[in-house]
Amino acid sequence: MSAQQATANMDAEILIIGSGAGGATTATVLAEAGMDVLMVEEGKWVEQGAVVPFSLDQMEQQYRAGGVTVALGMPSIAYTEGRCAGGGTEVNSGLYWRPPGELLERWQREFAIRDFDPHELLSIADEVETAINVRNVPGPHSAPSEILRSGAASLGWQHGEVPRWMTYPHGDDATKGERQSMTRTYLPRAMAAGARLAVGCRVDHLEVRNGTAAAAVTTLADGSPGRITFKHVFVCGGAIQSPALLQRSGIHGHIGRTLAVHPTVKLAARFADAVNVPDDVPVHQVKEFAPHLSFGGSASNPGLIALSLLDQWATFRRAVTDWERMSVYYAAITSEGRGRVTSVPHMKDPIVTYRLTHRDRELLRSGLARLTLLMLEAEAEEVFPSFKGAPSVRNRRDVATMQQAFRASKATVMTVHLCSTVPMGEVTETCGADSFGRVHGQRNIYVNDASLLPTAPGVNPQASVMAFAIRNARRFVATGGTRV
Amino acid sequence: MSQVPAFPLVGPFAERLLIDDLPRLLPERRREVATFVAHRVDTLPSFTRFGVLAIGSVFRLLLSVPGGWGVAKIIMRLPLPFVAEYPRLMRSLSFAYVWEHWPTTTPDGSETGGVAA
């Protein structure tokens, strides 16, 4: 089962824009309820195994702009977005975290999310975990993962294996799992129920009149124009593209003003033995300082090792030939800063900006220092923090020197978790959509992706996105799409 | 809408950076890397691409005048917002490409004799 190429004129009862964690689950619920569903996806369908994970080739084929996207600021924050059938689920780490119960209660309270039962959401999470096969690795952990475990254990810090949505058909090798992304799970299920998926179709804007959208104006992969008519539309393009599309359609309100991310800073660590796993990431995370600060491991192919040394190349470059003994790790923070997504007339892509607060900068500093300490406890020979002017670190005394030298403005700050650009709830001063994702002031336009999460959850957000998307789609089915 | 190709503006600068950073990288590899960098610039989001090409034009102009590379190197050392990110972008793309495709490359750009990926 696969997708079809988009055509110039299409029609559906329900149009779903985007096929990632939000779009695929929405399509499944609506199609299984008997609705006529058309999904459109800007990227193409790429079979798993066709590209090497975390490679430049994968970035070319499955990421927006080849993976080179940035939120402007001081410092700018590099981010990535999936742009393929399955969206970000095809390219992310595959680590699964349920939304924390206390966070759900806070969202409900502060954003006045109506008819919201955190227990119901966690029950949906149960279903999701079965559908995408969330589980621990069957055998020994990879060396980079074991480094996180041993360093945290030595320091007495809270840590653990994060389950992944994977199957392991080739035995118990932790690095040979097959991700149960949307192209393996919800998209085939939606299509089996009658949903259509058209790839190579960018939606430029929606035709909206008096709060009702009737058609989507599109550009096909060959550059030719197209148009899709519908009764209801679900915008599921992710936290950058969804608000940008709404703005291009003349919908403003509280749209795109509260981008939330988990900024991360990185380091590379060199060990005595070969530890590098080029095409996978560690499954351990360290949560001693959560939710404000978390540590984990990144993809570490030789190109990414070189990138991690780039900021201080003059003194760090000697390490690049040791890449087989190196791995890259990150410290991620729950940021108090906020960003904006702003569409500019006549420009295809939005401008994205993000501003870190003073507290964020200090948290990045302490996070990098603590992560460095963890690496030393895990018997790293030398640690190479990723910021301009960084000294290499070989012992605890060096950690203090490094911490003093750190400036967030000199660091390579990145993120892969983007959310909260159309926050859901009934507080119209701060929420872009209602308690079930319908855009405030619009009759038949819904958002159902990471944009809806009221704040950054402090953990990998995919589980939260999927659970909310299913909840909201079920509500839509139950009410027949009428205003309630 | 057709767009100005990036290579004439950013390719020579990317190559010049590689001569400084990885002086023993083979010329044909240097050219291949610069072509890759320009291709990635061509696929940048529109606003970012506009900014990169605007800054790239200034550096390209500097490359074309005597002593311009020295001036460019001084500018690159200044903590200028966004301007400093241009050479960083060029280097990021270049280094990622070099070590992903030829992981046995040494810090001066030569090969240690291993097999390229």
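Caption draft 1: Focus on the overall build of chain A. Looking only at helices and strands, one finds 12 helices and 26 strands in chain A. When its C-alpha atoms are laid out on the principal axes, chain A stretches across 65 × 45 × 45 Å. Looking at chain A as a whole, 60% of its 484 residues qualify as buried. The contacts of chain A with a sequence gap of at least 6 include a subset with a gap of at least 24, amounting to 73%.

Caption draft 2: Representation of the sheet that holds strand β7 (residues 134-135) of chain A in the model. The strand order β7-β9-β10 (chain A) describes an open sheet built from three strands, whose pairing is antiparallel. Strands with a single pairing partner mark the edges of an open sheet, and in this sheet they are β7 and β10 (178-179) of chain A.

Caption draft 3: Representation of helix α12 (residues 462-479) of chain A within the structure. Residues and elements named next belong to chain A. Between its first and last C-alpha, α12 extends 26 Å over 18 residues, near the 26 Å set by a 1.5 Å rise per residue. Most of α12 is tucked away, with 13 of its 18 residues classed as buried. Just beyond α12, the residue with positive phi is G480, at close to 65°.

Caption draft 4: Representation of the interface of chain B and chain A. Residue-level contacts link 21 residues of chain B with 28 residues of chain A. Broken down by secondary-structure element, the contributors of at least two residues to the side of chain B that touches chain A are α3 (46-63) and α5 (85-101) of chain B. Its residues assigned to classes, the side of chain B that touches chain A shows 10 nonpolar, six polar and five charged.

Caption draft 5: Structural view of the nonpolar core. Residues and elements named next belong to chain A. Core analysis: the biggest nonpolar cluster contains 193 residues, and L15, V37 and V233 have the highest contact counts within it. Looking at which domains feed residues into this core, each of domain 1 (4-45 + 84-132 + 181-253 + 420-479) and domain 2 (139-168 + 263-415) supplies at least three. Apart from the residues lying within four places of it in its own chain, the contact partners of V37 are A12, I14, I16, A27, L30, A31, A190 and A195.

Caption draft 6: View of helix α5 (residues 143-155) of chain A. With 13 residues, α5 of chain A should reach 18 Å at 1.5 Å per residue; the first-to-last C-alpha distance of 18 Å fits that figure. Count one or two residues on from α5 of chain A and you reach G156 of chain A, which has phi positive near 75°.

Caption draft 7: Representation of the domain arrangement of chain A in the model. Residue and element names in this part refer to chain A. Its domain assignment divides chain A into domain 1 (4-45 + 84-132 + 181-253 + 420-479) and domain 2 (139-168 + 263-415). Taking only C-alpha atoms into account, the centre of domain 1 sits 31 Å from that of domain 2. In this complex, domain 1 contributes 14 residues to the contact, which on the side of domain 2 involves 15 residues. Of the residues in the side of domain 1 that touches domain 2, the class split is eight nonpolar, five polar and one charged.

Caption draft 8: Quick look at the packing of helix α1 (residues 21-32) of chain A against α12 of chain A. Residues and elements named next belong to chain A. Closest axis-to-axis distance for the α1/α12 pair is 8 Å, and the angle between their directions is 30°. By the angle class used here, α1 and α12 are roughly parallel. The hand of the α1/α12 crossing is right-handed. Contacts between α1 and α12 involve A21, G22, T25, T26, V29 and L30 from the first element and Q462, V465, M466, A469, I470, A473, R474 and V477 from the second. Of the residues contributing to the contact of α1 with α12, the split by class is nine nonpolar, four polar and one charged.

Cut-off values and rules
- Residues numbered from 1 in each chain as written.
- Chains lettered and ligands numbered in written order.
- Predicted model: local features only at pLDDT ≥ 70, side-chain atom pairs only at ≥ 80, totals over all residues.
- Helix = DSSP H or I, 4+ residues; strand = E, 2+ residues; numbered from the N terminus.
- Buried ≥ 20, exposed ≤ 12 C-beta atoms within 10 Å, placed from the backbone.
- Contact = placed C-beta atoms within 7 Å.
- Pairing = 2+ DSSP bridges.
- Expected span 1.5 Å × (residues − 1).
- Nonpolar A, V, L, I, M, F, W, Y, C, P; charged D, E, K, R; others polar.
- Core = buried A, V, L, I, M, F, W, Y, C linked by C-beta atoms within 7 Å.
- Domains from an automatic or database assignment.
- Axes fitted to C-alpha atoms, helices over the stretch in contact; angles between N-to-C directions.
- Parallel < 35°, antiparallel > 145°, perpendicular 65-115°, else oblique.
- Left-handed = near helix turned anticlockwise from the far one by under 90°.

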